[in-house]
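Coordinate inspection notes
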Amino acid sequence: MAEFLPPKERTKLPRQVMPEQDPLIRAHNFEEVNLGLTKEQAILDAQRCLQCKKPTCMDGCPVEIKIIDFLELVVEEDFLGAARKIKEDNVLPAICGRVCPQETQCEAKCVLAKRFEPVSIGRLERFVADYEMSKGITSEIPRIDKKGKKVAVVGSGPAGLSCAGDLINMGYDVTVFEALHELGGVLVYGIPEFRLPKEIVRKEVNNLRNMGVEFKTNVVIGATYSIDELMKEEGYSAVFVAVGAGLPWFMNIPGESLAGVYSANEFLTRVNLMKAYKFPEYDSPVLDCKERRVAVFGGGNVAMDAVRTALRLGAKATIYYRRSEAEMPARDEEIHHAKDEGVKFEMLTTPIELLGDENERLHSMKCIRMELGEPDASGRRRPVPIENSEYIEPVDIAIVAIGNGSNPLISQTSPDIDTNKWGNINVDGDTMRTSKPGVFAGGDIVTGGATVILALGAGRQAARGIDEYLTDGSW
Ligand SMILES: Cc1cc2nc3c(=O)[nH]c(=O)nc-3n(C[C@H](O)[C@H](O)[C@H](O)COP(=O)(O)OP(=O)(O)OC[C@H]3O[C@@H](n4cnc5c(N)ncnc54)[C@H](O)[C@@H]3O)c2cc1C
Ligand code: SF4
């Protein structure tokens, strides 16, 4: 069994480099880019932890995983124990270990980050979760008296899944209603296979199914049933609304309705959910990208996912972003991966018109160059158009990735649920109660587009709020 070295020796151990597929090879396949730490690397990296008296890393974790304890268990080579320790606070570690922005959360707060490199907390989370999965260990059916009350969860993204998992463990009968035919929300329809293999999401969903959670797909709440119908006619004592923020924003420039223009949501959903990347085994539900010029507008993670997906479908893929690289909201790792794979970046440039032929098919775009002015409300320097810098650029396919808003279906069909000016549901921050008795909400539908871990934390908080409400009955 490995042991911790004296503290000074620990700081001499190098942060372990994650093995990854060669960029030239992975640019042509949809297999996972990061390959995971080896057991030896995992132990070495965990041994770097100083086991601080005040583990500041935990302040950076939105669900307060007991990082210091799980790292100690990794050093002791008790990987299953480490996975169990993480699962006390995070039910989806194999997913969060892959997609959480650790560099701005736990790892940014690790004391080692001040003078050295932080402990690879995210990579270690992934390592122990994968280890547990490789042993075929699944969660047990909860041995708890049933409460005899039914709860409906609307949406099967991370918020819905974590809420369902906690409620079933508390003894409630839980049904998850999902509008799509696949379960997992953005984890399956948004984040591509090469960052998060869908098999991992499927295993997590199956785990919940084995624990007793019932899943109903192809059911749109607000159309198939209203929330009132769920509560008054279908016998649900409480409802958790976790429908995400899936309504894409457009740029409102001329030409956005031309054939060849997609929202990133539509493009990624078609490729991920309808398996366009397996063409010709599956029919391709997106325009042929091979050798085509594909322009992606935006600088966030969604833009990186869209551009890297287009690249893998054979496109000459370029990001157009109106600010500079320093202001890009995407994770550094995603930007580097995209560059290594051959994606081009046109910074300080934005399209102002999309141009089509007589068949309404996109063929080019008018762009304008920008410079950075004073900071705006977001704290980032405002992009200002440079006069007379317009130019025409040929383009075959354009993908708009500038953000998502909330779908109004729930608020339109349940007007007694209060929303803010962006259409997000207003909740009490402690209990996740909405303005409608018995109805709770959490995840992106409350915060606007955020992160997997925040959605997951909101789901857990809502489960506690629902339990409190169904136990004492007062609203
Ligand atoms: C392309 C992309 C990449 C991202 N990458 C990252 C990343 O790397 N790291 C990270 O932390 N975050 C990332 N995010 C953000 C993250 O995925 C979201 O913050 C998170 O998934 C929100 O979870 P949720 O459960 O609130 O909603 P969602 O994951 O959006 O799930 C909502 C579910 O509700 C269903 N639904 C909607 N309306 C209804 C209805 N009326 N009836 C029934 N079901 C309904 C939807 O079909 C969906 O399945 C990314 C987002 C996108 C789009
Ligand atoms: S802050 Fe860093 S060194 Fe300290 S306990 Fe957390 S991971 Fe270990």
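Some words on the domain arrangement of the protein
Segmentation of the protein into domains returns domain 1 (7-134), domain 2 (150-246 + 406-472) and domain 3 (249-403). On a C-alpha basis, the centres of domain 1 and domain 2 stand 28 Å from each other. Taken together, the contacts link 21 residues of domain 1 with 22 residues of domain 2. Together domain 1 and domain 2 conceal approximately 1,900 Å² of surface at their shared face, both sides included; 76% is due to carbon and sulfur atoms. The interface formed by domain 1 and domain 2 holds zero salt bridges in total. In this assembly, domain 1 and domain 2 are joined by four residue pairs in polar contact (both at pLDDT 80 or more). Considering each element in turn, the side of domain 1 that touches domain 2 owes the most residues, five residues, to helix H6 (residues 93-99). Its residues assigned to classes, the side of domain 1 that touches domain 2 comprises 13 nonpolar, two polar and six charged.

Considering the packing of aromatic side chains
This structure, assessed with the given rule, holds eleven aromatic pairs. Judged by centre distance (6.1 Å) and plane angle (55 degrees), the rings of Phe 30 and Phe 194 are tilted. Of the two residues, Phe 30 is situated in the loop between helix H2 (23-26) and helix H3 (39-46) and Phe 194 in the loop between helix H11 (186-189) and helix H12 (198-211); the sequence distance between them amounts to 164 residues. Geometrically, the ring pair formed by Phe 79 and Phe 127 is edge-to-face, given 5.1 Å between the ring centres and 90 degrees between the ring planes.

A few points about unusual backbone geometry
Non-glycine residue Glu 77 carries a positive phi angle of around 65 degrees. Looking at where Glu 77 falls in the secondary structure, it is placed in the loop between helix H4 (67-75) and helix H5 (79-87). Its identity as a non-glycine residue notwithstanding, Asn 218 has a phi of 55 degrees, on the positive side. Inspection of the secondary structure assignment puts Asn 218 in the loop between strand E3 (214-216) and helix H13 (227-232).

Describing the site of ligand 1
Lining the immediate surroundings of ligand 1 are 32 residues, of which Val 99, Glu 178, Arg 195, Ile 221 and Asp 444 lie closest. Ile 221 is positioned with one of its backbone polar atoms (N or O) 2.8 Å from a nitrogen atom of ligand 1. Within the backbone of Asp 444, an N or O atom sits 2.9 Å from an oxygen atom of ligand 1. For ligand 1, the protein covers 93% of the area, taking 1,000 Å² as the surface of the free molecule.

A closer look at the environment of Val 439
Tracing the chain through its elements places Val 439 in strand E16 (residues 439-441). On the accessibility criterion, Val 439 (0% relative accessible area) is buried. When the C-alpha positions of Val 439 and Val 151 are compared, they lie 10.0 Å apart, and in sequence the two are 288 residues distant. Apart from the residues within four sequence positions on either side, Val 439 is in contact with Ile 227, Met 231, Val 239, Val 241, Ile 417, Met 432, Arg 433, Thr 434 and Trp 475.

With respect to the side chain of Thr 175
Relative to the helices and strands, Thr 175 resides in strand E2 (residues 173-177). For Thr 175, a relative accessible area of 4% puts it in the buried group. In this view, Thr 175 contacts Val 151, Ala 152, Val 153, Glu 214, Lys 216 and Tyr 236; residues no more than four positions away in its chain are not counted.

A few points about the site of ligand 2
The immediate surroundings of ligand 2 are formed by Cys 49, Leu 50, Cys 52, Pro 55, Thr 56, Cys 57, Leu 71, Cys 110, Val 111 and Val 119. Counted by class, the shell around ligand 2 contains nine nonpolar, one polar and no charged residues.

Describing the pairing of strand E4 (residues 236-241)
Across the six residues of E4, five count as buried, placing the element largely inside the fold. Pairing geometry for E4 and E16, over three bridges, is parallel. Across the sheet, the residue bridging to Phe 240 is Phe 440, located in E16.

Examining the pairing of strand E1 (residues 150-154)
Within E1, four of the five residues are buried, which leaves it mostly tucked inside the rest of the structure. By the bridge criterion, five bridges tie E1 to E2 in an arrangement that is parallel. Bridge assignment links Val 154 to a residue of E2, and that residue is Phe 177. The handedness of the E1 to E2 crossover, carried by helix H10 (residues 158-170), is right-handed. As defined by bridge partners, E1 adjoins E4 across five bridges and the pair is classed as parallel. Following the sheet pairing, Val 151 is matched in E4 by Ala 238.

A short note on H4
Because the α-helix completes a turn every 3.6 residues, residues three or four places apart line up on one side. Of all nine residues that make up H4, seven are buried, and the element is covered over most of its length. Looking only at H4, the buried set comprises Ile 67, Ile 68, Phe 70, Leu 71, Leu 73, Val 74 and Val 75. The secondary structure elements touched by the buried residues of H4 are H3, H5, helix H7 (106-109) and helix H9 (121-134). Remark: Glu 77 follows H4 within two positions and exhibits a positive phi of approximately 65 degrees.

The rules we used
Residues numbered from 1 in each chain as written. Chains lettered and ligands numbered in written order. Predicted model: local features only at pLDDT ≥ 70, side-chain atom pairs only at ≥ 80, totals over all residues. Heavy atoms only, no water. Domains from an automatic or database assignment. Contact = heavy atoms within 4.5 Å. Buried area = accessible area lost by both parts, 1.4 Å probe. Salt bridge = Lys/Arg side-chain N within 4 Å of Asp/Glu carboxyl O. Polar contact = N/O pair within 3.5 Å; in protein donor to acceptor, adjacent residues only side chain to side chain. Helix = DSSP H or I, 4+ residues; strand = E, 2+ residues; numbered from the N terminus. Nonpolar A, V, L, I, M, F, W, Y, C, P; charged D, E, K, R; others polar. Phe/Tyr/Trp six-rings, centres within 6.5 Å; stacked < 30°, edge-to-face > 60°. Near = heavy atom within 4 Å. Areas by Shrake-Rupley, 256 points an atom, 1.4 Å probe, with all protein chains shown as cover. Buried < 20%, exposed > 50% of the residue type's maximum accessible area, 1.4 Å probe, protein only. Pairing = 2+ DSSP bridges. Right-handed = clockwise from strand over helix to strand, strands pointing away.

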